[in-house]
Amino acid sequence: MLHSSCHNSAQTSVIDLFGIMFGPSFFWRDLSHMAAGPKPFKSYADLCTLLEARGMTTANRNRMERKLAQVGYYRLSGFWYPCRRFKVDDYGQTVICNVTNAPLRDDDFTENTTFEKVFDLYLFDKKLRIALLDAIERIEVQVRSIIAHEMGYHDPLAYQNSSFINPKQTKNFIKKDGSIGNIYSDWIARQNSQVGRSKEDYILWHRSNGIVMPFWVVIEAWDLGTISKYFEILKASHQNRICRRLNISSPKILVSWLKEINILRNRCAHHARVWNQRQSSALVVPNGDPYFQKISLTTDGLNRIYGMIAVIWYLVRQIGPNSHWLLEVADIVNKKPDIPTCPFSSMGLPDEKGFQEDLFI
């Protein structure tokens with residue numbers, strides 16, 4: 001395999017990744033020297049012509065143009081990306097990007113790539129996102145309620161009391177840029193900002209009447225990321241009580257799950273592609289747990305949506321033992337469009353037999 005520096009669409013993907021990770025200011029400050037000028041604007045009709053020239057076919061040109069107008073060329077490009085041919089060198093070897101260590105792609109599509117199949121994949125991803133959000137909402141509400149109850153029991157103002165926080169998280173440290181950081185102080189500022197911006201009636205009532213807000217009030221203004229971070233910085237004794245309520249053996253596991261669920265929740269809420277996305281970190285799962293032993297997640301499964309489904313179902317069935325959510329998800333996954341370059345393994349499934357719900361029971 002030949003290694004090559006990323007350029008064209010591959011370079012754009014790397015630059016986009018840094019922008020997502022560090023914000024747009026990072027892109028313009030540190031990566032501007034990597035970026036070529038913007039691509040020229042094209043009309044919807046021109047974009048259809050471009051796709052056809054690259055080998056994508058359609059049975060209905062007017063619908064193709066209409067869907068590009070409705071959804072956007074760039075959003076849909078993530079769904080037809082797996083259908084693009086691999087770039088090969090003069091010896092027929094796949095060219096590997098030096099930056100991402102992933103195979104580079106040509107602009108041309110593989111044989112039999114149709115717009116209809118690509119758009120079906122987009123609709124499949126949409127159905128999956130909606131189902132995931134339904135379960136994540138239940139988990140978020142449950143975790144919020146448990147933390148409020150467990151911490152409010154000890155002190156209605158526990159969220160303001162650093163004695164509940166792991167001392168390591170309250171110490172100052174030097175950041176890479178030389179400035180002083182403090183994880184707990186940063187968290188306090190974040191939760192103060194969210195409560196301060198809230199226009200919910202219960203927040204406004206406490207504020208207008210000069211009543212100090214107890215834990216079970218302020219936590220309703222926190223987003224899932226703030227809740228996740230609060231759990232992460234708590235002392236182990238408080239973490240363990242919360243974990244026991246969810247039948248989780250270790251705080252390390254719940255920290256991992258909440259982080260990844262929050263990232264997935266944000267992707268779903270912003271309508272970003274989820275079906276074949278890799279996670280930021282591999283999931284931590286309990287050793288020796290019969291549920292996870294039966295599913296037997298592979299390394300790839302721990303890094304993709306299949307593993308997230310396993311974790312989400314583990315939590316949902318603690319909340320609602322009679323839930324049919326898993327059957328709904330299994331039905332969605334098994335109706336994934338049949339595109340040769342978009343296999344079930346891209347979701348982290350162990351084989352191409354589809355989603356086997358009996359493993360989760």
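Scroll up to find the structure this text is about.
Residues numbered from 1 in each chain as written. Predicted model: local features only at pLDDT ≥ 70, side-chain atom pairs only at ≥ 80, totals over all residues. Heavy atoms only, no water.

**With respect to the environment of Asp90**
Then, in step 1: Tracing the chain through its elements places Asp90 in the loop between β2 (84-86) and β3 (95-97).
Then, in step 2: Asp90 sits in the exposed class, given a relative accessible area of 80%.
Then, in step 3: As for Asp90 and His270, which are separated by 180 residues in sequence, their C-alpha atoms are 41 Å apart. (Helix = DSSP H or I, 4+ residues; strand = E, 2+ residues; numbered from the N terminus. Buried < 20%, exposed > 50% of the residue type's maximum accessible area, 1.4 Å probe, protein only.)

**Some points on helix α15 (residues 325-334)**
Then, in step 1: All buried positions along α15 are accounted for by Trp325, Leu326, Val329, Ala330, Ile332 and Val333. Axial view of α15: buried residues confined to an arc of 165°, hence all on one face.
Then, in step 2: Contacts made by the buried residues of α15 are with α6 (115-154) and α14 (305-319). (Arc of directions from axis to C-beta. Contact = heavy atoms within 4.5 Å.)

**Topic: unusual backbone geometry**
Then, in step 1: Positive phi values are uncommon outside glycine, yet Asn112 reaches one of about 70°.
Then, in step 2: By the element assignment, Asn112 lies in the loop between β4 (105-109) and α6.
Then, in step 3: Located in the positive-phi region is His271, a residue other than glycine, with phi close to 65°.
Then, in step 4: Note on placement: His271 falls in the loop between α12 (251-269) and α13 (290-295).
Then, in step 5: The class for His271 is partly exposed, based on a relative accessible area of 47%.

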